[in-house]
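Structural features, examined
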Amino acid sequence: MSTIKTIAFIGLGNMGGPMAANLVKGGFDVMAFDLSQDALALAKKNGCSTAQSVAEAVTDKDAVVTMLPAGKHVRAVYGGADGVFASAKAGALFCDCSTIDVQSARDVATEAKKLGFTMVDSPVSGGVVAAEAGTLAFMVGGTDGAFEAAMPVLDPMAKAVLHAGGDGAGQAVKICNNMLLGITMIGTAEAFVLAKKLGLDPQRFFDISSKASGQNWSMTSYCPEPGPVPTSPANNDYKPGFSAAMMLKDLRLAQDAAQTSGTSTPLGAEAQALYAMFDNLGGGNTDFSGIIQMLSGEMGKD
Ligand code: NAD
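I will try to describe carefully the structure that is included in this document. Because the structure is predicted, anything quoted here is derived from the model rather than measured. (Residues numbered from 1 in each chain as written. Predicted model: local features only at pLDDT ≥ 70, side-chain atom pairs only at ≥ 80, totals over all residues. Heavy atoms only, no water.)

**Points about the pairing of strand β5 (residues 93-96)**
On β5, burial covers both faces: Leu93 and Cys95 on one face and Phe94 and Asp96 on the other are all buried. Pairing of strand β4 (residues 63-66) with β5, which is carried by four bridges, proceeds in the parallel orientation. In the sheet register, valine 64 faces β5, and the bridge partner there is phenylalanine 94. Taking the sense of rotation as the criterion, the β-α-β connection linking β5, helix α6 (residues 102-114) and strand β6 (residues 118-121) turns out right-handed. (Buried < 20%, exposed > 50% of the residue type's maximum accessible area, 1.4 Å probe, protein only. Helix = DSSP H or I, 4+ residues; strand = E, 2+ residues; numbered from the N terminus. Pairing = 2+ DSSP bridges. Right-handed = clockwise from strand over helix to strand, strands pointing away.)

This is the structure:
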């Protein structure tokens, strides 16, 4: 049985705010810290106590959960002079749920272990809606023991908690999966653009291709063409959903990892370039499926 009762939650943004609220609902005593006073005020409303520094938040807590923008923030929060490593209780559990580069995840986990802490990297799939509903999917990297220790902490925020492998494996799964998603979304969008140019009715194309070998998740669950999948953001002015800016971030992380590991991923590189172009044209805050508007040449038209 888990002995974890008290949790420090650091990084209460769009995702972390509702995740911390779900830990409170799960019966944990949660102390929150964020650089933003507005985020702290909201956390208080949601039943967290609040701290004015990382050190104050983590002191004497059984576990620490972090949900921060990028690798540099995670390195600073864990390793800084008043950071988690310097102030956490001996043997505490750390779950970093941020999406960051694999190398930072591995370096921070190695340092945590050296200091006698238990750590997992546990990035999530699912956006703000899933964070609010407590239905995120966690991809966890760490030892078997660390995974088991993290399970009761992640569970109140999750519909699934999946063990991906050793340190950094959660981040590795997340960026490989999202690289594939970016590529299939662009491929699916291109197929619809060409189908229409060739005079096909998009619904007919969907009906046939979704039962043929072109079938894929971007088509059947998240179709970029309005119509065939009523729940897809294409039917809601491409409101996210999962923003193109977030997809671009993950594609960049995938390319970083490809470079560091000496892996050739030409389609991943092309997907990154196309999402960067979409972002430059103002598409960053639209759903990532909205890239079909750029590919069809409709972007910017009234
Ligand atoms: P966000 O920008 O809304 O929140 C990040 C929070 O971290 C902010 O409130 C910021 O003030 C805080 N912060 C930054 N540096 C800090 C520090 N040193 N100490 C304390 N707090 C600090 O971002 P988000 O949308 O909540 O995303 C968080 C992470 O989750 C990112 O890594 C993102 O890639 C990932 N993610 C986001 C989504 C999504 O749909 N938003 C989905 C999956 C994964």
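**Examining the side chain of aspartate 250**
Structurally, aspartate 250 is set in helix α12 (residues 244-260). Buried within the structure, aspartate 250 lacks any salt-bridge partner; lysine 174 is the closest side chain of opposite charge, at an N-O distance of 4.0 Å. At 2.7 Å, the side chain of aspartate 250 and the side chain of asparagine 178 are in polar contact. Look past the residues within four positions of aspartate 250 in its chain and what remains in contact with it is Thr99, Lys174, Ile175, Asn178 and Phe242. (Lys, Arg positive; Asp, Glu negative; His and termini not counted. Salt bridge = Lys/Arg side-chain N within 4 Å of Asp/Glu carboxyl O. Polar contact = N/O pair within 3.5 Å; in protein donor to acceptor, adjacent residues only side chain to side chain. Contact = heavy atoms within 4.5 Å.)

**Comments concerning the packing of helix α4 (residues 71-79) against α6**
Following both chains from N to C, one finds α4 and α6 inclined at 10°, their axes separated by 9 Å at the closest point. The orientation of α4 with respect to α6, classified from their angle, is roughly parallel. Contact residues: α4 offers Gly71, Val74, Arg75 and Tyr78, while α6 offers Gln103, Ser104, Asp107 and Val108. When grouped by side-chain class, the residues that make up the contact of α4 with α6 number three nonpolar, three polar and two charged. (Axes fitted to C-alpha atoms, helices over the stretch in contact; angles between N-to-C directions. Parallel < 35°, antiparallel > 145°, perpendicular 65-115°, else oblique. Nonpolar A, V, L, I, M, F, W, Y, C, P; charged D, E, K, R; others polar.)

**Here's the deal with the pattern of salt bridges**
Enumeration over the complete set of coordinates arrives at five salt bridges. Aspartate 107 serves as the salt-bridge partner of arginine 75, at 2.9 Å between the closest nitrogen and oxygen. A residue pair is termed long-range when its members are at least 10 positions apart, and arginine 75 in helix α4 and aspartate 107 in helix α6 qualify at 32 residues. Between lysine 114 and glutamate 111 there is a salt bridge, with the nearest N and O atoms lying 3.6 Å from each other. Placement of both lysine 114 and glutamate 111 in helix α6 is noted, with a separation of three residues, approximately one turn of the helix. Overall, the relative accessible area of 66% leaves lysine 114 in the exposed class. With a relative accessible area of 31%, glutamate 111 lands in the partly exposed category.

**Describing a nonpolar patch on the surface**
Residues Leu194, Leu198 and Leu200 make up a contiguous nonpolar surface patch of roughly 310 Å² in combined accessible area. Looking at the secondary structure, you find leucine 198 in the loop between α9 (169-197) and α10 (202-209). (Patch = residues over 30% accessible without salt bridge, like charges linked within 9 Å, V, L, I, M, F, W, Y side chains within 5 Å. Areas by Shrake-Rupley, 256 points an atom, 1.4 Å probe, with all protein chains shown as cover.)

**What about the site of the ligand?**
Looking at the ligand, there are 22 residues lining it, with Asn14, Met15, Asp34, Leu68 and Lys249 nearest. Asparagine 14 places a main-chain nitrogen or oxygen 2.9 Å from an oxygen atom of the ligand. Backbone polar atom of proline 69 to an oxygen atom of the ligand: 3.1 Å apart, as the coordinates give it. Contact with the protein chains covers 83% of the free accessible surface of the ligand, which is 840 Å². (Near = heavy atom within 4 Å.)

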